[in-house]
Amino acid sequence: MKITYRVVGDRDIQHEQLNVINKGVSVEKISQIDSIFQAVFVPAKCERVIKKVSVIELKEFSSWLKGDELALTTLQNFNTKELQISLLEKLINGNVACLAFHPGNNHKKYQIFEETILYAKRFNFPIFQVFPNVTYAEIIELIFKLELKEQNSGIDVLKEINKIYFQYLSHNIHLKDALYRIQKLSNVEMLLTDVSMSPVTVDHLSRSSRLLQLFKSSHFTAFVNQEDVFKLFINGNRIIIEIAESGNFTKIIAEPITNNNYLRSVIFILLDSNQFFSYELLKTTVEALSIDKDNSNSYEEKTRMEASANRELFEKNNLKQAEMLYEKLDLKISDKSVIIVMDVTFEQVDNKIDHMKYVKNLKMRITKYIELYLPKSDFSSWYKDYLVVFISSGTKHYKHELTQKLVDIMRNHFSFMNCCIGLSSSETDNLYMLFKESLAAIEYGKKHKKKITSFDDIGFLQIFTNYEKDDYLIKYYEKILHPILALESSQQYELLITLERFIDHNLNYKDTAENLYVHPNTVRYRIQKIKEIFGDESIFTDPSKRFNIYFALKLLSQYSKQI
């Protein structure tokens, strides 16, 4: 699949409309008027369109041809095989739509030769023969009336479409129903996406719909989600997309609907032979859906409210005020016990105003994606360049699954951006500290080039999360030494002191025994017991584990005086 695109402004559209302003009459349609035309040869699925009628009386006429004509002439003027084939050659080179021979007054004398028909078939060029009693004036009038009927039909359809949009904006019908009615009325393929480039509804499209097939294609969805295309949409640019695939060519026009600097949705319309009507349908749809039916200012207000709530919570540790602000948004934080934070690096755009608009829209898109995977009780919110996911509760598996989903979303839809994710611990219940824990995990992850880091996995660095209190120091050593501290008090001292002295003496059994005034075998017995209690044979051979245990022992000595 090869995809190219170009930005088109209003002047470009007007220029293209001038080329199709006369919608014309299809050759296939006149072939059905058997009271005037006899089809000598008409190709299957003929898509040629007649936009004018040219009467040819002279044999040298090439310079008069404008293209898309119904060429009218008499068999008397071209009464030999050579003249007829020469006529066809000139008409085909001049992009004429079709040829109609009039038999003239002596209709039995002249004929369309078999060689002429074979030549027409070779180039899929339609040929008709007019009945003898039909005049040129009648044919020209017929084409004019058919074209006028087509134009009036298009105007009538647009009027009906406007009525449908009015019903939608008046809250009388849902958008899904409106699109379904418009599809039936116009027979033009149109698809509306949300800000994440996901179709809002596809119920109005048939299974064989080309647009539907494209949006199921990973190649096409990757294209509409790429950074350059997204930037064009958020800046209000209309684009024409051309797709070449397996010999087939598809042309689509796409236009964004924005409100208050936010991209709300994008309209995609398949451009077929009736491009004039498609452009008018696009214009009508953009005008209708740009009306602030659902007060989209509310998103801006919601964003400001969330920012205020998060400042109270994460800067001032003012839970009560943050709860009040979130309650105004019908969001509850009092029951949240886990926080996932994603730090996102946004590419700098040259113009400061453009950069702010770009970042706002990217944030909204990321939020839209993650909300698809959150239960109703949980939600996400932005604080500066951090996406904060508030979770009520959940198993370790659920947290891991959700975090991995975040990574997948960023990789699949925002691969041009860098992100790092931090998970809070499972033991803290203060939202302010949960946020601090996630940030500490992120910093560790950045240094070690890890996409996902849990606070539980950053080791002794946990103690530097809060300089104001000793909570993390105590939590740290309690967690590391939990296997021993969970024993009866009478058993703890003997094992703790042996563990500390054994590491102090560089894991030497004899030196440790001398320091403790016990036999070396006693030290061996106690160390083996410690390994069993920890359930880990590598606690002394693994430098990181040995350091964590030793550091925890020193903290225990400082805070509890147990050793």
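About the cut-offs
Residues numbered from 1 in each chain as written. Predicted model: local features only at pLDDT ≥ 70, side-chain atom pairs only at ≥ 80, totals over all residues. Heavy atoms only, no water. Helix = DSSP H or I, 4+ residues; strand = E, 2+ residues; numbered from the N terminus. Buried < 20%, exposed > 50% of the residue type's maximum accessible area, 1.4 Å probe, protein only. Arc of directions from axis to C-beta. Contact = heavy atoms within 4.5 Å. Pairing = 2+ DSSP bridges. Axes fitted to C-alpha atoms, helices over the stretch in contact; angles between N-to-C directions. Parallel < 35°, antiparallel > 145°, perpendicular 65-115°, else oblique. Left-handed = near helix turned anticlockwise from the far one by under 90°. Nonpolar A, V, L, I, M, F, W, Y, C, P; charged D, E, K, R; others polar. Salt bridge = Lys/Arg side-chain N within 4 Å of Asp/Glu carboxyl O. Core = buried A, V, L, I, M, F, W, Y, C linked by side-chain atoms within 4.5 Å.

(A) A look at the environment of Val-518. Counting through the fold element by element, Val-518 comes out in the loop between α19 (509–516) and α20 (520–534). Exposure remark for Val-518: the relative accessible area of 25% places this residue in the partly exposed category. Spatially, the C-alpha atom of Val-518 lies 45 Å from that of Leu-434, the residues being 84 residues apart in sequence.

(B) Spatial organisation of helix α4 (residues 114–122). Considered for burial, the residues of α4 that qualify are Thr-116, Ile-117, Tyr-119 and Ala-120. Down the axis of α4, the sector holding all buried residues measures 160°, keeping them to one side. Contacts made by the buried residues of α4 are with β3 (37–41), α3 (81–93) and β8 (127–130). After α4 finishes, the residue Asn-124 shows a positive phi value of roughly 50°.

(C) Highlighting the sheet that holds strand β16 (residues 418–423). Overall, mixed pairing links the five strands, which are arranged β14-β15-β13-β16-β17 in an open sheet. Two strands in the sheet have a free side with no partner beyond their single neighbour: β14 (379–383) and β17 (452–454). Going across the sheet, the axis of each strand differs from the next one's by a mean of 20°, ignoring polarity. Where β14 meets strand β15 (residues 386–391), five bridges bridge the pair, whose relative direction is antiparallel. Looking at β15, one finds that Trp-382 is bridged to Leu-387. Packed on one face of the sheet, helix α13 (residues 352–371) meets β13 (338–345), β14 and β15 and runs near 160° to β14.

(D) How the structure looks around the packing of helix α9 (residues 227–234) against α13. Here α9 crosses α13 at 110°, and the two axes come no closer than 10 Å. Between α9 and α13, the interaxial angle falls into the category roughly perpendicular. As α9 runs across α13, the sense of the crossing is right-handed. Across the interface between the two elements, Glu-227, Phe-230, Lys-231 and Ile-234 of α9 pack against Lys-357, Tyr-358, Asn-361, Leu-362 and Arg-365 of α13. The class makeup of the residues in the contact of α9 with α13 is four nonpolar, one polar and four charged.

(E) Just the pattern of salt bridges, in detail. Scanning the model with the defined rule gives 18 salt bridges in all. Between Lys-531 and Glu-537 there is a salt bridge, and its shortest N-O distance comes to 3.9 Å. Judged by its relative accessible area of 16%, Lys-531 falls in the buried class. A salt bridge links Lys-545 to Asp-536, with the shortest nitrogen-to-oxygen separation between them at 2.8 Å. Owing to a relative accessible area of 30%, Lys-545 belongs among the partly exposed residues under this scheme.

(F) Geometry of the nonpolar core. Residues Phe-220, Phe-233, Ile-241, Ile-252, Phe-268 and Met-342 are the most contacted members of the largest nonpolar core, which totals 55 residues. Looking at this core element by element, the count peaks at seven residues for α13. When near neighbours in sequence (up to four residues on either side) are disregarded, Phe-233 contacts Met-197, Ile-239, Ala-254, Pro-256, Thr-258, Leu-263, Val-266 and Phe-268. In this structure, Tyr-168, Ile-173, Ile-253 and Leu-271 belong to the second largest nonpolar core, which totals 28 residues.

(G) Expanded view of the side chain of Glu-227. Topologically, Glu-227 is positioned in helix α9. The class of Glu-227 is buried, set by a relative accessible area of 13%. Every residue in contact with Glu-227, bar those within four places of it in the chain, is listed here: Glu-347, Tyr-358 and Phe-416.

(H) The arrangement of the sheet that holds strand β11 (residues 248–259) in detail. Across the sheet, five strands lie side by side as β1-β10-β11-β12-β9; this open sheet has antiparallel pairing. Across the chains shown, the open sheet's two edge strands, defined by having one partner strand only, are β1 (2–7) and β9 (190–194). Averaged over neighbouring strand pairs, the angle between their axes works out to 25° when direction is ignored. Bridging between strand β10 (residues 239–245) and β11 involves seven bridges; their strand directions are antiparallel. In the strand pairing of β11, Ile-243 is matched with Thr-250. Relative to the sheet, helix α8 (residues 218–225) contacts β1, β10, β11 and β12 (262–270), its axis offset from that of β1 by approximately 25°.

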